[in-house]
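Each chain, written out:
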Amino acid sequence: DAEITQSPRHKITETGRQVTLACHQTWNHNNMFWYRQDLGHGLRLIHYSYGVQDTNKGEVSDGYSVSRSNTEDLPLTLESAASSQTSVYFCASSTGTRGSEQYFGPGTRLTVT
Amino acid sequence: GQQLNQSPQSMFIQEGEDVSMNCTSSSIFNTWLWYKQDPGEGPVLLIALYKAGELTSNGRLTAQFGITRKDSFLNISASIPSDVGIYFCAGPNFNKFYFGSGTKLNVKP
């Protein structure tokens, strides 16, 4: 069955370290998204991609970067982790159709100490 | 920016009761989506609505796309303990995706 996976599921890192969170989907979806979820803020969009080599900033992109070298993967990198980036991160994907529904991965819980 | 206003924020109900929640926006949406999120998991799509006035069911869940295209409703009939979780409305608009703040549902056995 097609699916979307994230790894690791849990990560603890230190302030200042570079961290990369993986997202892999086998839906063959063109669109992929990264969100963070915090109490009191709901889901906030970090970065998104509408296809290979395409990346765009979301509403909370500072301190994060993504690259899209193939259809299946959109890794999220925290260049220099900060305590404010402690959060739960969700990856999602959707087809290229405008207005199409997004499917979410299981999430990565990141703690920055 | 655009916001989806979801209410109520939380509900405490008895098993077997029906539940109703809604989502409103100041802007028109062409698609309304309802997700459920269990603790420690990602949101799972429950129902997708694509036409104003559309009424769609998924088991005990029924969702409606408001006629004005600015609102949507989700009803759960005969609630059971596994209905516990957070329910989100969502809608894409001009290639952006908007989420409601969620309704936290608690069901007492």
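None of the values given here were measured: they were computed from a predicted structure.

A.B. asks: What's the story with the interface of chain A and chain B in this structure? I'm lost.
C.D. replies: Put simply, an interface is often sized by how much accessible area is lost when its parts join up. Between chain A and chain B, the residue contacts involve 16 residues of the former and 18 residues of the latter. Both faces combined, the contact of chain A with chain B buries some 1400 Å², and carbon together with sulfur accounts for 53% of it. Here chain A and chain B share zero salt bridges between them. For the pair chain A and chain B, the interface holds four residue pairs in polar contact (both at pLDDT 80 or more). The element contributing the most residues to the side of chain A that touches chain B is strand S5 (residues 42-51) of chain A, with three residues. Taken together, the residues of the side of chain A that touches chain B break down into eight nonpolar, five polar and three charged.

A.B. asks: Any chance you could explain the layout of surface pockets here in plain terms?
C.D. replies: Picture a little ball the size of a water molecule; that probe, rolled over the atoms, points out where space is still empty. Reported here for the largest pocket is a volume of approximately 740 Å³. What lines the largest pocket is a set of 30 residues, and nearest its centre among them are A:Gln37, A:Leu39, B:Gln37, B:Ile86 and B:Phe88. Residues belonging to the lining of the largest pocket are distributed by class as follows: nine nonpolar, 15 polar and six charged.

Parameters at a glance
- Residues numbered from 1 in each chain as written.
- Chains lettered and ligands numbered in written order.
- Predicted model: local features only at pLDDT ≥ 70, side-chain atom pairs only at ≥ 80, totals over all residues.
- Heavy atoms only, no water.
- Contact = heavy atoms within 4.5 Å.
- Buried area = accessible area lost by both parts, 1.4 Å probe.
- Salt bridge = Lys/Arg side-chain N within 4 Å of Asp/Glu carboxyl O.
- Polar contact = N/O pair within 3.5 Å; in protein donor to acceptor, adjacent residues only side chain to side chain.
- Helix = DSSP H or I, 4+ residues; strand = E, 2+ residues; numbered from the N terminus.
- Nonpolar A, V, L, I, M, F, W, Y, C, P; charged D, E, K, R; others polar.
- 1 Å grid on protein atoms, 1.4 Å probe; cavity = no way out; pocket = protein on both sides within 12 Å on 5 of 7 lines; lining within 4 Å.
- Points joined across faces, edges and corners; volume = space filled by probe spheres on them.

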